[in-house]
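Architecture at a glance
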Amino acid sequence: MDIVLWAALPYLMVVVLVGGTIWRYRYDQFGWTTRSSQLYESRLLRFASPLFHFGLLFVVLGHLMGLVVPQSWTAALGLSENGYHALALTLGGVAGIGTLAGIVLLIVRRRTTGPVFMATTRNDKAMYVVLVAAILAGLWVTLVFNAIERASTGGYNYRATVGPWFRSLFWFQPDVGKMTAAPVDYRIHTLIGMLLLTIFPFTRLVHAFTAPVHYLFRPYLVYRSRDAAGPRGAGASTARAWSPVGTRDRTR
Amino acid sequence: MRVMAQVGMVMNLDKCIGCHTCSVTCKQTWTNRAGMEYVWFNNVETRPGLGYPRRYEDQEKFRGGWVRTGRGKLKPRSGGRFKRLLSIFANPVLPNISDYYEPWTYDYEKLIDAPLGDDFPVARPKSLLTGEDTQITWSANWDDDLGGAPQHAPDDPVLQRMRTKANEDVRLEYEKAFMFYLPRICEHCLNPSCMASCPSGAIYKRTEDGIVLVDQDRCRGWRMCVTGCPYKKIYFNHRTGKAEKCTLCYPRIEVGLPTVCSETCVGRLRYLGLFLYDADRVGEAAATEDEQQLYPAQLDLLLDPDDDEVIAAARRDGIPEDWLAAARRSPVYRLAKTYRIALPLHPEFRTMPMVWYVPPLSPVVDVLSRTGHDGEDAGNLFGAIDTLRIPIGYLAELFTAGDPAPVASALRRLAAMRSYLRADNLGETPDESIPAAVGMTGAQLQEMYRLLAVAKYEDRYVIPTAHAEQAAQLDELGCSLETEGGPGMYGSGPFGEASGRPVPVSIETFHALRQRQESDGRSDTEHRYNLLNWDGSGRPEGMFPAPSEPPAAVERGAPGPDPGAGRPPGGHDAGESGRG
């Protein structure tokens, strides 16, 4: 069981994530969008959306820090375990709470603003459940679980268990033992995280993969020849991107 | 010099009667889809008025277009690249749906379903965004014909600008008001700021004909272009989450047909043709320091298609011979540069717009006639143009960043044409001092008159076709039903609405027609016929009421749930040939 969870599932997740993303990029360029609802409502969004997104960016950075960088490296920089944890707790806590507050506001907005709710698909709703669960579980281990542990043992050091397991995945020798030694709270958070990454390519979250960083480096004006088909999906040579026609009145 | 061709349009505002036919036919062609209910690629505004979306010209609020920085460079008014990326999670200056209007339909079913009673049943307005009952408070042309002008017109950004600039008191009492219509489409600018603000780089200008398009596959819905466009002619499709804009009907232009708005214009006020321009100098011209010099700078970009040097350069840059020939016959070039009577809309936005306007003389003529003067006498007209500061000032704010001279000059030429030709028409000896007074000859005025008043279809629309060697790529010709996922690619893909493989335009049109004919919904309407789609051949069933005693000779299908009934023979034909 442990081997399935901590040695097989991660690879399955990566296969689905990468394969699914490639497949969707080829098959569904037209559906690849933020599906922004700002047109309907912007007062709440103006505040909540940056809160959520910037919070999430820092959360992702924090995960990279915690999982990729070995403890020995930060120690070599003169950062003690306690110091590191204090840093992670404050920065991670702030980012995490910001993310949570942002997504709660966004979901409240989604539910209470008529047009936004109408534009919410079942796919979106399922994704929100997983996303919120991952954030909640993450905040739980960072803030609550750690605080309790801290009171008794001085904080749980996940960089001794989860971190090495994560890195071991990259050289295909998953250190299952390290992960099973971690508290169940961490394992639950990891599982939810893997679920989120598995469904990632099939939800609207994909827009994150096309974050327009190249905008910083391209000229303002774009010329393109009519003949240049541009990077379209495979096999979609003559296809044009339009939604199905015929305004059906949106009666419920 | 790098010569590029641009399909441009000129609209003669004197002829616009504000019938909105262009808007309606455009909507039927391009934006009759869910998610696009509020979208008008073509709209007709009454000026003075708020425009659509409301007060779109107020760039202090909407931050569209370019600004010139202290170092003489251009940057989007909404901020440079870095600032745009930082505000990507919530665009602070995106117009809200309330700046447009909440689209609605009516609950028509109630009219039929309501039980018998004393009260007449009503079709309540229902919001197309929520499906709930709604109150209609605004629409795309709510202030049409100065409706509600005492309340709304003072908010017209152009009037406000005049007021602050010249401290002019613009009278808006009904009987003293001047009014004209302004049809608007995408300007297909030479220096588009929508393109500059698109983080994905999905908006591009076609090198062959200058048409600005949104690559629907590359657009990721960051919605910065909506802010970037100062004319607010990029719309966000709220169902697909992608930006859409006027396409200048490129599938029609490619095969030499005018755009739908031009084709259906009852006033025949639109002209389509080629401009040749120097692409190398666009940035420099757009960065001209003095706003009022932007119009001359843009005029300077337009190259003379009869100039040998230009022709040689155009050949070098790969412009085909038939395009050069079309450029020499271009009505838009003549109106804009030869006669100088067409002017760009809001050059101060620095986007170098390519849909130009012949300013209307009628407000001036109206004032003259109302005061009992001869509205076609050259002297009267010239005098009026010089003294009627308010209409001229208003037009100048629209077309020349406030410089009245080019507007007055264009109007004087129009006035000269009017009185010179009247004399001609009445058999009098034309007064040659009239053309001389506006720096033209009598023959030139005659030519201009022919172009403005009697030009036929092929003179108004000089559109060279796209090249045959490129035919495989043309949308309007391709029979693409056999592509993967061909017919039946409707409804929702696996990721919600609008995901999945895109449907080619021609298939879509075919199915849209079929759907419209068949989706009347109720079973008792199955035999009704939609006149809009009748191609004139045959006598579709249900078009005329059944005779009380059906003659034996006429065969009639048995009434019943036959989905094919009520479709014209043409509909079948289209289906068969489309599939072949």
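Residues numbered from 1 in each chain as written. Chains lettered and ligands numbered in written order. Predicted model: local features only at pLDDT ≥ 70, side-chain atom pairs only at ≥ 80, totals over all residues. Heavy atoms only, no water.

**Some details on the sheet that holds strand S13 (residues 302–303) of chain B**
All names here are of chain B.
- As summarised here, the arrangement of the five strands in space is S13-S12-S1-S15-S14, forming an open sheet in which the pairing is mixed. What marks the edges here is a single partner per strand, and that holds for S13 and strand S14 (343–344).
- With four bridges connecting them, strand S1 (residues 3–12) and strand S15 (residues 355–358) associate as parallel partners. Opposite Met-9, over in S15, you have Val-355 as the bridge partner. (Pairing = 2+ DSSP bridges. Helix = DSSP H or I, 4+ residues; strand = E, 2+ residues; numbered from the N terminus.)

**Considering the pattern of salt bridges**
All names here are of chain B.
- Using the criterion set out here, one finds 30 salt bridges over all chains in the structure.
- A salt bridge links Glu-244 to Arg-33, with the shortest nitrogen-to-oxygen separation between them at 2.7 Å. Taken together, the residues Glu-244 in strand S11 (residues 242–245) and Arg-33 in the loop between helix H1 (21–30) and strand S2 (43–47) connect sequence positions 211 residues apart.
- Where Arg-161 meets Glu-291, a salt bridge forms, and the shortest distance between an N and an O atom there is 3.6 Å. Pair noted here: Arg-161 is in helix H7 (residues 157–166) and Glu-291 is in the loop between helix H12 (282–286) and helix H13 (294–301), with a separation of 130 residues, a long-range link.
- When its relative accessible area of 29% is taken as the criterion, Arg-161 is described as partly exposed.
- Judged by its relative accessible area of 29%, Glu-291 is partly exposed. (Salt bridge = Lys/Arg side-chain N within 4 Å of Asp/Glu carboxyl O. Buried < 20%, exposed > 50% of the residue type's maximum accessible area, 1.4 Å probe, protein only.)

**Concerning the pairing of strand S12 (residues 270–278) of chain B**
All names here are of chain B.
- Counting buried residues along S12, nine of its nine residues qualify, which places the element largely inside the surrounding structure.
- Pairing between S1 and S12: nine bridges, direction antiparallel. Residue pairing for S12: Gly-8 is matched across the bridge by Gly-273.

**Remarks on the packing of helix H17 (residues 362–370) of chain B against helix H18 (residues 378–387) of chain B**
All names here are of chain B.
- With their axes 10 Å apart at the nearest point, H17 and H18 run at an angle of 110 degrees to one another. Judged on the interaxial angle alone, H18 and H17 are roughly perpendicular. The two elements H17 and H18 cross, and the hand of that crossing is right-handed. Residues Val-364, Val-365 and Leu-368 of H17 pack against Asn-380, Leu-381, Ala-384 and Ile-385 of H18. (Axes fitted to C-alpha atoms, helices over the stretch in contact; angles between N-to-C directions. Parallel < 35°, antiparallel > 145°, perpendicular 65-115°, else oblique. Left-handed = near helix turned anticlockwise from the far one by under 90°. Contact = heavy atoms within 4.5 Å.)

**A few points about the UniProt feature "transmembrane region" (unreviewed entry) in chain A**
Residue and element names in this part refer to chain A.
- Sequence positions flagged by UniProt for "transmembrane region" (unreviewed entry) are, in local numbering, residues 6–23, 44–64, 84–108, 128–148 and 191–217.
- Within the segment residues 44–64, helix and strand shares are 100% and 0% respectively, and the terminal C-alpha atoms sit 30 Å apart.
- A helix fraction of 100% and a strand fraction of 0% characterise residues 84–108, whose end C-alpha atoms lie 35 Å from each other. (UniProt positions renumbered as here; feature names shortened; annotations may be inferred.)

**A few points about the packing of aromatic side chains**
- If you walk through the whole model with that rule in mind, you get 26 aromatic pairs over all chains.
- Summarising the aromatic geometry, the rings of Trp23(A) and Tyr27(A) are spaced 5.2 Å apart at their centres and angled 5 degrees between planes, so their arrangement reads as stacked. Within this pair, Trp23(A) and its partner Tyr27(A) are both found in helix H1 (residues 2–27), separated by four residues, close to a single helical turn.
- Between Tyr38(B) and Tyr100(B), the aromatic rings sit 4.8 Å apart at their centres with planes inclined by 70 degrees, giving edge-to-face as the arrangement. Here Tyr38(B), found in the loop between H1 and S2, pairs with Tyr100(B), found in helix H4 (residues 97–100); they are 62 residues apart in sequence, far enough to count as distant.
- Classification of Tyr100(B) as buried rests on a relative accessible area of 0%.
- The lysine or arginine in question, Arg159(A), covers the ring of Tyr84(A), its NZ or CZ lying 3.4 Å from the ring centre.
- The positively charged end of Arg2(B) is found above the aromatic ring belonging to Tyr223(A), 5.8 Å away from the centroid. (Phe/Tyr/Trp six-rings, centres within 6.5 Å; stacked < 30°, edge-to-face > 60°. Lys NZ or Arg CZ within 6 Å of the ring centre and 35° of its normal.)

**Structural notes on the UniProt feature "binding site: heme b" (unreviewed entry) in chain A**
- With numbering aligned to this structure, UniProt lists the feature "binding site: heme b" (unreviewed entry) at His53(A), His63(A), His189(A) and His207(A).
- Inspection of the secondary structure puts His53(A) in helix H2 (residues 43–68).
- In this view, His53(A) contacts His207(A) and Phe89(B); residues no more than four positions away in its chain are not counted.
- Looking at the element boundaries, His63(A) is found in helix H2.
- Excluding anything up to four places from it in sequence, His63(A) contacts Val68(A) and His189(A).

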